[in-house]
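The lines below spell out each chain.
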Amino acid sequence: MSTQDRLIESTQALLWERGYVGTSPKAIQQRSGVGQGSMYHHFTGKPDLAAAALRRSAEQMRGIAEADLAAPGTAYDRIAAYLRRDRDVLRGCRIGRMAQDPDVVADPQLRAPVEETFDWLRGRIAELVAEGQAAGEFTPGLDPADTAAAVVAVVQGGYVLARAADSAEPFDRAVRGALGLLAAHRPAA
């Protein structure tokens, strides 16, 4: 693994664990095993490195989500696969946790990958809902954009509820509820 990749991966992990303020250049250097000179050779400073780490986390999250959303099956099956995917619920979402970090939200460069990822995810799920409607799988009254926003909110809110309860059960319950609501918009057989 290259020095630059070690720095980015270490920063990804630290941002997820500690947030932006808690991720110091010294902690990044210790985690990555890279010296200060090498760090500043590759990145102009902590904000530049954090932005690279957030972009990589966003790309990884989109890739994982797309694997579920593009899999074979009905639109409902693919949304269900996304919702039911095995997650480390108590750790929360790498990207969603950054949306709660005031330093990330205040900086347009750091906020951009977070915002773009959620925009992409809502758009991708809305496409699936519309696809399901076109195939007669969902009723026409189901608004694709609103439904996609609700699905994303269920996942992100489920993480928060699970962390607050120190249990995955609130997340699992939110997923079951969302799937029940989606199933209620399937035409009667």
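Residues numbered from 1 in each chain as written. Predicted model: local features only at pLDDT ≥ 70, side-chain atom pairs only at ≥ 80, totals over all residues. Heavy atoms only, no water.

Engineer: How should the overall build of the protein chain be read in this particular structure?
Structural biologist: A count of helices and strands for the protein chain gives ten helices and zero strands. Counting from the amino terminus, the protein chain carries its helices and strands in the arrangement α-α-α-α-α-α-α-α-α-α. Over its C-alpha atoms, taken along the principal directions, the protein chain stretches across nearly 65 × 35 × 30 Å. By the burial criterion, 42% of the 189 residues in the protein chain qualify as buried. Contacts in the protein chain between residues far apart in sequence, at least 24 positions, make up 67% of those at least 6 positions apart. Accessible surface, the protein chain: about 9,300 Å² in total, of which carbon and sulfur atoms supply 53%. Across the protein chain, the centroid of the 22 positively charged side chains sits 5 Å from that of the 24 negatively charged ones. (Helix = DSSP H or I, 4+ residues; strand = E, 2+ residues; numbered from the N terminus. Buried < 20%, exposed > 50% of the residue type's maximum accessible area, 1.4 Å probe, protein only. Contact = heavy atoms within 4.5 Å. Areas by Shrake-Rupley, 256 points an atom, 1.4 Å probe, with all protein chains shown as cover. Lys, Arg positive; Asp, Glu negative; His and termini not counted. Charge placed at Lys NZ, Arg CZ, Asp CG, Glu CD.)

Engineer: Looking at this model, I keep getting lost on the environment of A188. Mind explaining?
Structural biologist: Structurally, the position occupied by A188 is in the segment after helix 10 (169–183). The class of A188 is exposed, set by a relative accessible area of 79%. For the pair formed by A188 and F138, sequence separation is 50 residues and the distance between their alpha carbons is 9.9 Å.

Engineer: For this particular structure, what's the right way to read the confidence of the model for the protein chain?
Structural biologist: Mean pLDDT over the protein chain: 95, with 99% of residues reaching 70 or higher. Here helix 3 (residues 36–42) stands out as the least confident element of the protein chain, with mean pLDDT 87; helix 5 (residues 75–84) is the most confident, with 98. (pLDDT = per-residue confidence, 0-100.)

Engineer: In this structure, what is going on with the pattern of salt bridges? I would like to understand it.
Structural biologist: Opposite charge on two side chains permits them to pair, given that their charged atoms come into close proximity. Counting across every chain of the model gives eleven salt bridges. Among the ionic pairs, E17 bridges to R31, the shortest N-O distance being 2.8 Å. Taken together, the residues E17 in helix 1 (residues 3–18) and R31 in helix 2 (residues 25–32) connect sequence positions 14 residues apart. Residue E17 is classed as partly exposed on the basis of its relative accessible area of 38%. The shortest N-O distance in the salt bridge between R111 and E115 comes to 3.8 Å. Residue R111 and its partner E115 are located together in helix 8 (residues 108–134), separated by four residues, close to a single helical turn. (Salt bridge = Lys/Arg side-chain N within 4 Å of Asp/Glu carboxyl O.)

Engineer: How should the side chain of S57 be read in this particular structure?
Structural biologist: You can see S57 is positioned in helix 4 (residues 46–69). Looking at S57, its side chain comes within polar contact range of the side chain of Q12, at 2.9 Å. Apart from residues lying up to four places away in sequence, S57 is in contact with Q12, R94 and I95. (Polar contact = N/O pair within 3.5 Å; in protein donor to acceptor, adjacent residues only side chain to side chain.)

Engineer: What am I meant to see in the packing of aromatic side chains here?
Structural biologist: Working definition: an aromatic ring pair is given by the centre-to-centre distance plus the angle between the planes. Counted according to the given criterion, the structure contains one aromatic pair. Taking 5.2 Å as the distance between ring centres and 40 degrees as the angle between the ring planes, the aromatic pair formed by Y159 and F171 counts as tilted. With a gap of twelve residues between them, Y159 in helix 9 (residues 144–165) and F171 in helix 10 connect regions that are remote in the sequence. Like Y159, the residue F171 is buried in the burial classification. In this arrangement the basic side chain of R87 is found over the ring face of Y82, its NZ or CZ atom lying 4.9 Å from the centre. Over the ring of W16 we find R91; its NZ or CZ atom is 3.7 Å from the centre of that ring. (Phe/Tyr/Trp six-rings, centres within 6.5 Å; stacked < 30°, edge-to-face > 60°. Lys NZ or Arg CZ within 6 Å of the ring centre and 35° of its normal.)

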